[in-house]
Amino acid sequence: MADLSINFAGIRAPNPFWLASAPPTNSGAQIHRAFEYGWGGAVWKTIGAPVLNISNRYGGLSLGGQRLLAINNVELISDRPLEVNLREIAEVKRLWPDRAVIVSAMVDADPQAWRDIVMMIEDTGADGIELNYGCPQGMSERGMGAAVGQVPEMCELNTHWVTSVTRLPVIVKLTPNITRITDPAHAALAGGATALSLINTINSIMKVDLDTLLITPSIGGRGTHGGYAGPAVKPIALNMLADLMTDPQVRSSGVPISGMGGIQTWRDAAEFLLLGASSLQVCTAAMHYGYRIIEDLTDGLSNWMDDHGFATIADVTGRALPQVSTFGQLDLSYQAVARINPDKCIQCNLCYVACNDTAHQCIDLISPDGVRVDPGFDPRANGREVTVTRPVPQVRESDCVGCALCANVCPVDGCIEMVSVPSGRQSVTWDQLSAQQPAVTQQWGAMEDYRAATGIEIH
Amino acid sequence: MEDIRPPERAFQELLPPMTAHEATVEANRCLYCYDAPCLQACPTHIDIPTFIRKIATGNLRGSARTILEANFLGGTCARVCPVQELCEGACVLGADHVPIQIGRLQRHAVDHVHNRSAQLFTAGLPSGHSVAVIGSGPAGLSASAELAKQGHHVTLYEKRELGGGLSTYGIIVLREPVEVALREVQAVQELGVEVVTGRELTSREELDDLLGRHDAVVLALGLGAVPALGVPGEAAILDGLEVIEASKMERPTGIGRRAVIIGAGNTAIDAATIARRSGAQTLMVYRRTEREMTAYRHEYEFALSEGITFSFLTQPVEILHDEGQVTGLRCVRMGLGAPDDSGRARPEPIPGSDFVIPCDTVITAIGQEKPALALTLGLELDRGYIRVDDAMRTSIPRVYAGGDCVRARGNASTVMAVQDGKLIAASLSHALGQHAPPVAPHSPPEVRAHPLYQAVHHATGPEATHG
């Protein structure tokens, strides 16, 4: 059985799953229960400046009957008194010495304010500090949270104030509400951060109620932007994680990254690990289903690691990173075409309409007697027998550009596969082409000549 | 003594309506197939993927409109259609999965507007033409609605007290409550159709009179009563259709404690269901085997699940009775012989195999008589049904016919009758000099002539033909 334990910037945990700093980690009683379920650690809900929370706080995104594909919130940091939180942190850590207890903090951009809170956190016996530079709503208007994370200089300065006074590992949690995630990451490193975590929530307005015309959540008839999280944000988080893990400066610093943003199952977790995360944080999934999900998170991850021969989390971490490339490094001569397995095809013909309307018109409908037909039917025919005469979609491979839209819309697993076929051309990347034949990448005439010479036909 | 009264729920609609959540989840399961097989499989060609998508997006009124535009009796068809044989039977998910519950979704959408009395359609601009429709069953209602939508003045004659025909009187409440059928009659009235009940067409003179007062006459007569068995004691037995009607109109059905139903079609199963749900021990007797019975497989399975028992290869030869009170059914065992004209093995009596099934009720449901009125009116027939051409015209000029009274081949069903009504309306409007508006938008000719348009619409590859 795989060893799921981690040592993340000196913080040890029996498994990589930590509850993220959020409502699930609001109190000692909650974290105590979460640890009983088996969570490897918890990042305590952010403590710091006095706040008042409001009602109500969450907006939910449903799609196709699936609830809570994403959640957004206008909740602030912990609204419980600082000393209560600190006392409970100390109690939890004393009761659960093997679990990671990290304290998220956020105070005014003032060295003394940071020094004070860091000292209090150290006194609890917590394993680490996470600096919340991400909270996009409420706190940012007060010059905290994303207001710090969005300005690299502020990020560096605030981090420095913390790292210069503590011996604890300092994790800087980055906001995704920024153009280039590497900028605040570099600033955090310059400020002495021992680890990074991402992503915090994304600015969002979840929806407008079509009956009341009110923004959801409606707070006494008013609405505001909130932080977007949950399964729907995972691709954004994965991209930012890969951005950091392939950034030379971040790589050479050797700081570990705690990944979060839409982790709902062990499958999501494995993806974050493969792209370089070495601890994982979960919030929305726990808010949706409760702490009990940890059992499948650890069990599923462990089984998957066993299947692939991964003994430790470190074996998994970053395994997919070598594939991460820029567009300029991709092989322009690679050719894939869609191939529809007629035995699996159920003839919903969604591939046909997608290709015909919005892609490259290279799927034909073929009748049972092998003739290409247009859509449509004989209105005199009816009954279940019509399925016998139904045409099947077939790709004209010579015209297929390999866009993969059909494979994406096909509802049957493994029915449409993107098959690699020889293009008959020498492998070349855009970067190589730009270097070797600059005119081709700068003038359309030269490009057309190049295409003619190499036999690239564009439909 | 055992209480044999049926429980209160015995005669309520079998399937409960879907909740909004159920409908949403089910609608979202639909793949929204392109050029979908369910659409083609439906005899009225309801755009099923579109109406289901509209349920998924919460556009229930639009969904109902999509259904009712193609099938004015969408509420009835949602309940009585043999969906397993039609739309659901063609669902692509049925191949290795569970088909979408198209019938129940249709009911969800149509009930939504019917329960709110929302009027989705209006009568067309007056055309100056008038049409008489005889019979307010599914074919008559469908024809009336479509004709009214095209602006013709329609008078719909119904011989019975209530409109709706088979839907009102002949479909057991477990499948369709009377209110649903009457709602559809009301819907055609809201389109301006004049519904005259208690008036029957009985002679050629009356038909000629109607032709004198109207531009055309539509015959949507349905079929007659259950034919006679031709065995002694027949006077003591009940007609399956009358039993069903009595149960719908909340009148005594005359069913006792031990009922035998003769026949094995869908109506026979309906009559048996009434008997069973009335608390009777119920046995169906059929002279052939399970393989030859005309009831749909799912109806047969339903009957078994209701606790109805079957005696195959059993031919009734005499109804035993004591002053009109049935005491038993004398039957003879049958063996299967060589195939007959219908291609099914011919059942032949086994000499000396007589036996008596003790019972107090015998019901027959062995089909319906062909429309006798057709002969009276002097119409040409086709195997006993009214002969019509492709345009639904009978042998008498300006007289059209549709529904069960023309069903010389194929399955008689509500949905086929609805389609007949549509075909009659289209054919009639054409004859009256009106052409249906184009259903699909077309690009202007200069757009279609453009090379770019041609390039997209005539992609390379072998020449396409219409599927």
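Residues numbered from 1 in each chain as written. Chains lettered and ligands numbered in written order. Predicted model: local features only at pLDDT ≥ 70, side-chain atom pairs only at ≥ 80, totals over all residues. Heavy atoms only, no water.

1. A few points about the overall build of chain A
Broken down by element type, chain A carries 16 helices and 21 strands. Structurally, chain A occupies a C-alpha span of about 80 × 60 × 50 Å along its principal axes. Within chain A, residue pairs in contact and separated by at least 24 positions form 72% of the contacts whose partners lie at least 6 positions apart. Surface exposure of chain A reaches about 20,900 Å², of which carbon and sulfur atoms provide 51%. If the 31 positive side-chain charges of chain A are averaged to one point and the 47 negative ones to another, these points end up 4 Å apart. (Helix = DSSP H or I, 4+ residues; strand = E, 2+ residues; numbered from the N terminus. Contact = heavy atoms within 4.5 Å. Areas by Shrake-Rupley, 256 points an atom, 1.4 Å probe, with all protein chains shown as cover. Lys, Arg positive; Asp, Glu negative; His and termini not counted. Charge placed at Lys NZ, Arg CZ, Asp CG, Glu CD.)

2. Some thoughts on the pattern of salt bridges
All names here are of chain B. Applying the stated criterion across every chain, the model contains 37 salt bridges over all chains. Across the pair E146 and K149 runs a salt bridge whose closest N-O atoms are separated by 3.4 Å. Here the residue E146 and the residue K149 both occupy positions in helix α8 (residues 138-149), the gap between them amounting to three residues, near one helical turn. When the shortest N-O distance is used, the salt bridge between D270 and R175 registers 3.0 Å. Placement of D270 in helix α13 (residues 266-277) and of R175 in the loop between α9 (166-169) and α10 (178-190) is noted, with a sequence separation of 95 residues between them. Residue classification places D270 among the buried positions, given a relative accessible area of 4%. (Salt bridge = Lys/Arg side-chain N within 4 Å of Asp/Glu carboxyl O. Buried < 20%, exposed > 50% of the residue type's maximum accessible area, 1.4 Å probe, protein only.)

3. Remarks on helix α3 (residues 48-56) of chain B
Residues and elements named next belong to chain B. Among the residues of α3, I48, P49, F51, I52 and I55 are the ones counted as buried. The buried residues of α3 occupy an angular sector of 165° when the element is viewed end-on, so they sit on one face. Those residues of α3 that are buried are in contact with α1 (20-29), α2 (37-41), α4 (60-70), α6 (87-90) and α7 (102-115). In the stretch just after α3, G58 is the one whose phi turns positive, near 85°. (Arc of directions from axis to C-beta.)

4. Considerations on the sheet that holds strand β14 (residues 226-229) of chain A
Residue and element names in this part refer to chain A. Strand order in this open sheet of four strands is β5-β6-β14-β11, and the pairing throughout is antiparallel. The sheet is open, and its two edges are formed by β5 (58-63) and β11 (202-204), each paired on a single side. Taken pair by pair, the neighbouring strands of this sheet meet at an average axis angle of 45°, ignoring direction. Both β5 and strand β6 (residues 66-73) contribute to a ladder of five bridges, which runs antiparallel. (Pairing = 2+ DSSP bridges. Axes fitted to C-alpha atoms, helices over the stretch in contact; angles between N-to-C directions.)

5. Brief notes about the confidence of the model for chain B
The predicted coordinates of low-pLDDT regions are not to be read in fine detail. Residue and element names in this part refer to chain B. On average, residues of chain B score 91 in pLDDT, and 93% of them are at 70 or above. Long-range and interchain partners of residues 459-467, a stretch whose pLDDT sits below 50, account for 24 contacts in this model, where long-range means more than four residues apart. If you check the scores for this complex, the pTM reads 0.91 and the ipTM reads 0.89. (pLDDT = per-residue confidence, 0-100.)

6. Considering the side chain of S203 of chain B
Looking at the secondary structure, you find S203 of chain B in the loop between β3 (194-197) and α11 (204-213). In this view, S203 of chain B contacts T376 and L377 of chain B; residues no more than four positions away in its chain are not counted.

7. Describing the packing of helix α5 (residues 152-163) of chain A against helix α6 (residues 182-190) of chain A
Residues and elements named next belong to chain A. In contact at an axis separation of 7 Å, α5 and α6 are set at 25° when each is read in the N-to-C sense. As judged from the angle between their axes, α5 and α6 are roughly parallel. Note on packing geometry: the crossing formed by α5 with α6 is right-handed. Contacts between α5 and α6 involve P152, C155, E156 and T159 from the first element and D183, P184, A187, A188 and A190 from the second. (Parallel < 35°, antiparallel > 145°, perpendicular 65-115°, else oblique. Left-handed = near helix turned anticlockwise from the far one by under 90°.)

8. Remarks on the environment of M154 of chain A
Residues and elements named next belong to chain A. Position of M154 relative to the elements: it lies in helix α5. Using a relative accessible area of 27% as the deciding quantity, one classes M154 as partly exposed. Once the C-alpha coordinates of M154 and P184 are considered, the two residues, 30 residues apart in sequence, prove to be 9.1 Å apart. Excluding residues that lie within four positions of it along the chain, M154 makes contacts with A109 and V148.

9. Section: the packing of aromatic side chains
Two aromatic rings, taken as a pair, are described by how far apart their centres are and by the angle between their planes. Going through the model one piece at a time under the given rule, you end up with nine aromatic pairs over all chains. Considering the side-chain rings of F8 of chain A and W18 of chain A, the 5.4 Å spacing of their centres and the 85° angle between planes classify their relative orientation as edge-to-face. Taken together, the residues F8 of chain A in strand β1 (residues 6-8) and W18 of chain A in strand β3 (residues 17-19) connect sequence positions ten residues apart. The residues F8 of chain A and W18 of chain A share a single accessibility class, namely buried. Here the aromatic rings of Y300 of chain B and F312 of chain B are separated by 6.3 Å at their centres, their planes lie at 75°, and the arrangement is edge-to-face. Here the residue Y300 of chain B occupies a position in helix α14 (residues 297-305), and F312 of chain B occupies one in the loop between β8 (309-311) and β9 (314-322), the gap between them amounting to twelve residues. Judged by relative accessible area, which is 7%, Y300 of chain B ranks as buried. Among the aromatic side chains, those forming a connected cluster through ring pairs are Y300, F310 and F312 of chain B. Over the ring of F121 of chain B we find K149 of chain B; its NZ or CZ atom is 4.2 Å from the centre of that ring. Positioned above the aromatic ring of Y169 of chain B is the side chain of R160 of chain B, whose terminal nitrogen or guanidinium carbon lies 3.9 Å from the ring centre. (Phe/Tyr/Trp six-rings, centres within 6.5 Å; stacked < 30°, edge-to-face > 60°. Lys NZ or Arg CZ within 6 Å of the ring centre and 35° of its normal.)

10. Topic: the environment of A225 of chain B
Tracing the chain through its elements places A225 of chain B in the loop between β4 (216-219) and β5 (238-239). Judged by relative accessible area, which is 38%, A225 of chain B ranks as partly exposed.

11. Some points on the interface of chain B and chain A
Taken together, the contacts link 31 residues of chain B with 30 residues of chain A. Here chain B meets chain A over a buried area of about 2,700 Å², counting both sides, of which 57% is carbon and sulfur. On the surface where chain B and chain A come into contact, there are one salt bridge. In this structure, the connection of chain B to chain A is made through eight residue pairs in polar contact (both at pLDDT 80 or more). Of all elements in the fold, only α2, α6 and β17 (465-466) of chain B reach the threshold of two or more residues within the side of chain B that touches chain A. Considering each element in turn, the side of chain B that touches chain A owes the most residues, four residues, to α2 of chain B. Residue composition of the side of chain B that touches chain A, by class: 18 nonpolar, ten polar and three charged. (Buried area = accessible area lost by both parts, 1.4 Å probe. Polar contact = N/O pair within 3.5 Å; in protein donor to acceptor, adjacent residues only side chain to side chain. Nonpolar A, V, L, I, M, F, W, Y, C, P; charged D, E, K, R; others polar.)

12. Remarks on unusual backbone geometry
Cis rather than trans, the peptide bond between L198 of chain A and I199 of chain A has omega equal to 5°. Going from T216 of chain A to P217 of chain A, the amide bond is cis rather than trans, its omega being -5°. As for its placement among the helices and strands, P217 of chain A is situated in the loop between β13 (215-216) and β14. A positive phi angle, near 50°, is found at A9 of chain A, a position not held by glycine. The topology assignment puts A9 of chain A in the loop between β1 and β2 (11-13). Of note in this structure, D35 of chain B is not a glycine but carries a positive phi near 55°. Relative to the helices and strands, D35 of chain B resides in the loop between α1 and α2.

13. Concerning α14 of chain B
Each α-helix winds once per 3.6 residues, and so residues spaced three or four apart point in a common direction. All names here are of chain B. Taken together, the buried positions of α14 are H298, E299, Y300, F302 and A303. Buried positions along α14 lie against α13 and β8. The positive-phi residue at the C-terminal boundary of α14 is G307, with phi of around 90°.

14. Describing the pairing of β4 of chain B
All names here are of chain B. Neither face of β4 is left uncovered, since the one carrying A216 and V218 and the one carrying V217 and L219 both have all their residues buried. Summarising the sheet, strand β1 (residues 130-134) and β4 pair through four bridges and their orientation is parallel. Residue pairing across strands places V133 opposite V218, the latter belonging to β4. Bridge count between β4 and strand β16 (residues 399-401): three bridges; the pairing is parallel. Within the sheet, the bridge partner assigned to V218 lies in β16 and is Y400.

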